[in-house]
Amino acid sequence: MAWTDERIEQLKKLWDEGLSASQIAKELGEGVTRNAVIGKAHRLGLKSRPSPVKSDKTKAKAPAKKAAKKEAKKFVTLLDLTDRMCKWPIGHPGDPDFHFCGRPAEPGMPYCATHCAEAYQAQPPRRDRRQTPRPPIG
DNA sequence: CCCTGATTCGC
DNA sequence: GCGAATCAGG
């Protein structure tokens, strides 16, 4: 997978959008890893985004943080989903408020623990399911 | 264990 | 130039 202008444009756009490297990697394609995205981002000269790791200093809590900004973008959309995010749909597809659960999913599962229970909920007792359909022969 | 970006290093 | 491996931190 070469870095064509299209790929680079996507990278820059998504990077600017605020998506994480891993999410951008998934957007660009399965053959791209977050390492590739980060590495390319650096070589492109993209601004080092405030990594949650480096960001520290002044532990001074910000009480006015939640009130400062307005409540925008509260929904987890399809593009926000990552492999480890719960893909449980909330609302109806097509609706403006249609979104996904988005909580950390169980490893190897498409949903979080709660929604795994929903999705893989024990089937209602199937009385017509005979436990012993065929007796062993010989 | 899950995640984040930064840097190194061989190709 | 590329990105996996590694590093450093939450």
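Residues numbered from 1 in each chain as written. Chains lettered and ligands numbered in written order. Predicted model: local features only at pLDDT ≥ 70, side-chain atom pairs only at ≥ 80, totals over all residues. Heavy atoms only, no water.

Q: Can you tell me about helix α2 (residues 21–28), naming the residues and giving the values?
A: Owing to its 3.6 residues per turn, the α-helix brings residues three or four apart onto one side. Among the residues of α2, Ala 21, Gln 23, Ile 24, Ala 25 and Leu 28 are the ones counted as buried. Looking at the packing, one finds that the buried side of α2 touches α1 (5–17) and α3 (34–44). Where α2 terminates, the next one or two residues include Gly 29, which has phi positive at roughly 155°. (Buried < 20%, exposed > 50% of the residue type's maximum accessible area, 1.4 Å probe, protein only. Helix = DSSP H or I, 4+ residues; strand = E, 2+ residues; numbered from the N terminus. Contact = heavy atoms within 4.5 Å.)

Q: Got a sec to walk through the nonpolar core? Specific residues and values, please.
A: Within the largest apolar cluster, twelve residues are counted, these being Leu 11, Leu 14, Trp 15, Leu 19, Ala 21, Ile 24, Ala 25, Leu 28, Val 32, Val 37, Ala 41 and Leu 46. Only α1, α2 and α3 provide two or more residues apiece to this core. It is α2 that provides the largest number of residues to this core, a total of four residues. In terms of nonpolar packing, the next biggest core, distinct from the first, is built from five residues, Cys 86, Cys 101, Cys 112 and Cys 116 among them. (Core = buried A, V, L, I, M, F, W, Y, C linked by side-chain atoms within 4.5 Å.)

Q: Explain the packing of aromatic side chains residue by residue, including any values.
A: Counting across every chain of the model gives two aromatic pairs. Judged by centre distance (5.2 Å) and plane angle (75°), the rings of Trp 88 and Tyr 111 are edge-to-face. Pair noted here: Trp 88 is in the loop between α4 (65–68) and β1 (89–90) and Tyr 111 is in the loop between β2 (99–100) and α5 (113–119), with a separation of 23 residues, a long-range link. Since its relative accessible area comes to 19%, Tyr 111 is described here as buried. (Phe/Tyr/Trp six-rings, centres within 6.5 Å; stacked < 30°, edge-to-face > 60°.)

Q: Outline the side chain of His 99, supporting the account with residue identities and numerical values.
A: Following the sequence through the fold, His 99 ends up in strand β2. In contact with His 99, not counting residues within four places along its chain, are Phe 75, Val 76, Trp 88, Pro 89 and Ile 90.

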